[in-house]
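Examining the three-dimensional arrangement
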Amino acid sequence: MPAPAFEIHDMTVAYQRRPVLWDIDLELPEGQLVGIVGPNGAGKTTLIKAALGLVPLASGKVEIYGKSYFEQRRLVGYVPQRESVDWDFPVTVRDVVLMGTYGKLGWFRRPGRAEREVADRCLDQVGMLPLANRQIRQLSGGQQQRVFLARALAQDAQIYFLDEPFSGVDAATEAAIVELLQTLRASGKTVLIVHHDIQTVREYFDYVILLNMRLIACGPVDVAFTKENLQKTYGGRLTILDEAAEAMRQREPNR
Amino acid sequence: MSGLPLLLGLSLSSKVMIGTALLGGMAGVVGCFAVLRGRALVGDMLAHAALPGVALAFLLMGSRSILTLSVGALATGLLAIATIAVIVRWTRTKEDAAIGIVLSTFFGAGVVLLSVVQKPAVGGNKAGLNSYLFGDPGNMLTGDLFVLALVGAILLFTVALLFKEFKVVCFDTDFAQSQGWPTLTLDLLMMASLAVVTIVGLPIVGVILMAAMIILPAATARFWTNRLHIMLLLAAAFGIAAGPLGTYLGRGFPAGAAIVLTAASFFGVSLLLAPDRGVAARLMAEYQLRKRITREHLLRSLYELSESQLPDIPCLPLLTVSQYRHWDSLEKMLQLEAEAGTILRTEQTIQLTPFGLRRAAELTKAHRLWEMYLVQYADIAPDHVDRDADDVEHLLPESLLVELEQQLAEEDRLPNLVAEVPSSPHELDTDKPQQ
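What you are looking at is a predicted structure, and each value in this text was computed from that prediction instead of being measured. (Residues numbered from 1 in each chain as written. Chains lettered and ligands numbered in written order. Predicted model: local features only at pLDDT ≥ 70, side-chain atom pairs only at ≥ 80, totals over all residues.)

**Here's the deal with the overall build of chain A**
To keep it simple, the criterion reads: Secondary structure elements are taken from DSSP: a helix is a run of H or I of four residues or more, a strand is a run of E of two residues or more, and numbering for both begins at the N terminus. The globule rule used for comparison is 2.2 Å times the number of residues to the exponent 0.38, while the radius of gyration itself is calculated over C-alpha atoms. Labels follow a simple rule on C-beta atoms placed from the backbone: if 20 or more others lie within 10 Å of a residue's own, it is buried; if 12 or fewer, it is exposed; otherwise it is partly exposed. Two residues qualify as a contact pair if the distance between their C-beta atoms, derived from the backbone, is within 7 Å.
Counting secondary structure elements, chain A contains 11 helices and 10 strands. Scaling as 2.2 N^0.38, a compact globule of 255 residues should have a C-alpha radius of gyration of about 18 Å, and chain A matches this with 18 Å. Of all 255 residues assigned to chain A, the portion counted as buried reaches 41%. Within chain A, contacts between residues separated by at least 24 positions form 68% of all contacts whose residues are at least 6 apart in sequence.

**What about the pairing of strand 9 (residues 207-212) of chain A?**
Residues and elements named next belong to chain A. Stated formally: Here, any two strands with at least 2 DSSP bridges between them count as paired.
Taking burial as the measure, the six residues of strand 9 include five buried ones, the bulk of the element. As defined by bridge partners, strand 3 (residues 33-37) adjoins strand 9 across four bridges and the pair is classed as parallel. Along strand 9, the bridge assignment pairs V37 with L210. The pairing of strand 9 with strand 10 (residues 214-220) spans six bridges and is antiparallel.

**Concerning the sheet that holds strand 1 (residues 316-317) of chain B**
All names here are of chain B. Inclusion rule: Axes here mean lines fitted to C-alpha atoms, for a helix over just the part in contact, with angles spanning 0 to 180 degrees between N-to-C directions.
Strand order across the open sheet formed by three strands is 1-3-2, with antiparallel pairing between neighbours. A single partner strand is all that each edge strand has here, and the edge strands are strand 1 and strand 2 (343-345). Relative to strand 3 (residues 349-352), strand 2 runs antiparallel, the two being bridged by three bridges. Bridge pairing in strand 3 places I343 opposite L352. Across the sheet, helix 17 (residues 330-340) lies against strand 2 and strand 3, angled at about 120 degrees from strand 2, the strand it touches most.

**A word on helix 9 (residues 163-171) of chain B**
Most of helix 9 of chain B is tucked away: seven of the nine residues are buried. Within helix 9 of chain B the residues assigned to the buried category are E165, F166, K167, V168, V169, C170 and F171 of chain B. Where helix 9 of chain B is buried, its residues contact helix 4 (102-105) of chain A together with helix 2 (12-36), helix 8 (142-161), helix 10 (173-178), helix 11 (183-205) and helix 13 (228-249) of chain B.

**A closer look at the packing of helix 3 (residues 40-61) of chain B against helix 12 (residues 210-224) of chain B**
Residues and elements named next belong to chain B. Put simply, the rule is: Angle categories are assigned with fixed cut-offs, so that under 35 degrees is roughly parallel, over 145 is roughly antiparallel, 65 to 115 is roughly perpendicular, and the rest are oblique. Left-handed is the label given to a crossing in which the near helix is rotated counterclockwise from the far helix by less than a right angle, and right-handed is the label when the rotation is clockwise. All residues other than Ala, Val, Leu, Ile, Met, Phe, Trp, Tyr, Cys, Pro, Asp, Glu, Lys and Arg, Gly among them, are scored as polar; the first ten of these are nonpolar and the last four charged.
The N-to-C vectors of helix 3 and helix 12 enclose an angle of 160 degrees; their axes lie 8 Å apart at closest approach. Overall, the two elements helix 3 and helix 12 adopt an arrangement that is roughly antiparallel. As helix 3 packs across helix 12, the resulting crossing turns out to be right-handed. Together, A40, G43, D44 and A47 of helix 3 and M210, A211, I214 and I215 of helix 12 make up the contact between the two elements. Classifying every residue of the contact of helix 3 with helix 12 gives six nonpolar, one polar and one charged.

**What about the environment of E83 of chain A?**
Among the structural elements, E83 of chain A can be located in the loop between strand 6 (76-79) and helix 3 (93-98). Spatially, the C-alpha atom of E83 of chain A lies 9.8 Å from that of Q144 of chain A, the residues being 61 residues apart in sequence.

**Points about the environment of L319 of chain B**
Residues and elements named next belong to chain B. If you trace the backbone, L319 turns up in helix 16 (residues 318-324). Overall, L319 belongs to the exposed group, with 10 C-beta atoms counted inside 10 Å. A C-alpha to C-alpha distance of 61 Å links L319 and C170, two positions 149 residues apart in sequence.

**Thoughts on the interface of chain A and chain B**
Accessible area lost during the coming together of the parts is what is often quoted as the interface size. Contact with chain A, which involves 23 residues of that partner, is made by 22 residues of chain B. Looking at the side of chain A that touches chain B, the elements that each hand over two or more residues are strand 6, helix 4 and helix 6 (141-154) of chain A. Residues that form the side of chain A that touches chain B fall into these classes: 13 nonpolar, seven polar and three charged.

See below:
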């Protein structure tokens, strides 16, 4: 049996002795869209950052296709939260996307024609090619998010980690992202997405990771995304949200 | 090799020119990375905290060569940075307070040590350590020039080699780290370049003004470009120009101050005149925008007033137009439009020309489609609302435009006019409501 695309064993992450994630243990097969869902402060972003080696693990290990992240980082694409960078930085849209190719370029080599072609193709995929020469300050929130997605595409990865790609974007961008995710899945990529809106989980994802400092459930949406699990994840607050989500789903059965 | 004797035989003034230009160029380059990373004040702190190190190095080694003194400066500078880190980590003092405390404490210690050094018995008076306070390029030794040139060459080489790596770390450290770049090492390398340039610049512009030398050329360059490599080149150029120019213009005044004031005047001019980011350009853009909006309002109003009688173009009484909506400078606008050939006007009437009608119709159509879009898709539009109404046809997907037009047609509100202008989705003062 081939190694799973992504695997976490007994992982605990702590910030200054306060544990943020407890004993996480999970396994994801290849070619799935995976939603990471949980309330604020549940450790969703931390899970991604720990997987990418951006925060130290207190214990446990993370494996990508059976090897450690440091051996497999060429297989990984990353979309950080949009607010994490200074959008007034003096670079153009194309410059940002080119950064996706830096990993494969390695030390000292500059991106050339081939890399620019990759960047332009990725920009085209997210519908941003006409804005390639814009300074990034002039972009709207949704456009910024698409630039980040294009940069991750330029990494040409096997497994992608997206941190709240849907937050603060317009409906057109949301639809474009969903379409892109489906294209990625169709070509056998695995995508993990930190997601806030539990109403769209069933619609967007194949797998779901329910998280609230510890792992509540991880599995195919049909199996893991149950009312009991949601209640365990969100506690008392869920009841209203949950009913609203249920109501939405029943009103639009064809979704 | 005739370079060495040539350089040794340089007159003092050309030595000063070369030295200040070298320093300015280096400060510009390291300043870009510092400013972009929000670390502009690290240079300031290093410079102030270097003073006690300079005095101590002289006391211990008895030499005034730039290399000896710089080692001392670097030592206390780094000690200061470490002190701040410790204070912030282990006490409840905030970082800005910690920087203020440490910076002035070290500087105070430096001033005291300097006065010790200058006692005749110690002999520091002749050593010109005073130049470390306010800077004095005239005190430069030929050997110092070599040190500057060497530091400059190493810096240039490092930045050229690691440009891509510095860029990605500066812009998005987490992303860079996820790609496997050693972000901490690269970050430290940038900090180290900043520290080295700051320290070698101390005897030329002085500890108090060195920070300005780091920040000003970079901040000036940022006004003129949106590309990092051009910003680096421009910052270097501004620094190179400010050094010799300031020394030359400020003859008879402290050179460090003159150089910084020159760099500050570059900044001031850029602040006012730079395209796009400058104050003048922004005011101009705002004025143009207002003028355009008013003109568009005028044409649209004239169209709306004429609409009921089309395809005949009616002569509208001036009074009707002036009462139709609030105008700031109607007369001036009418004059502009008449000159542009969009309207014909007599003393008391206004009439759209056929050309004006077409222009007005286009504007009205774009405006109405836009309004319609906002009304119907209010919940999904916030991403686009800052756009010009003019852009609507380029901005919205064609399928959506077709849909909007179809909707108007279904409600029998899509006019069959030459210009195909949809009627307004909200009620106009001239029209009775359609239903």
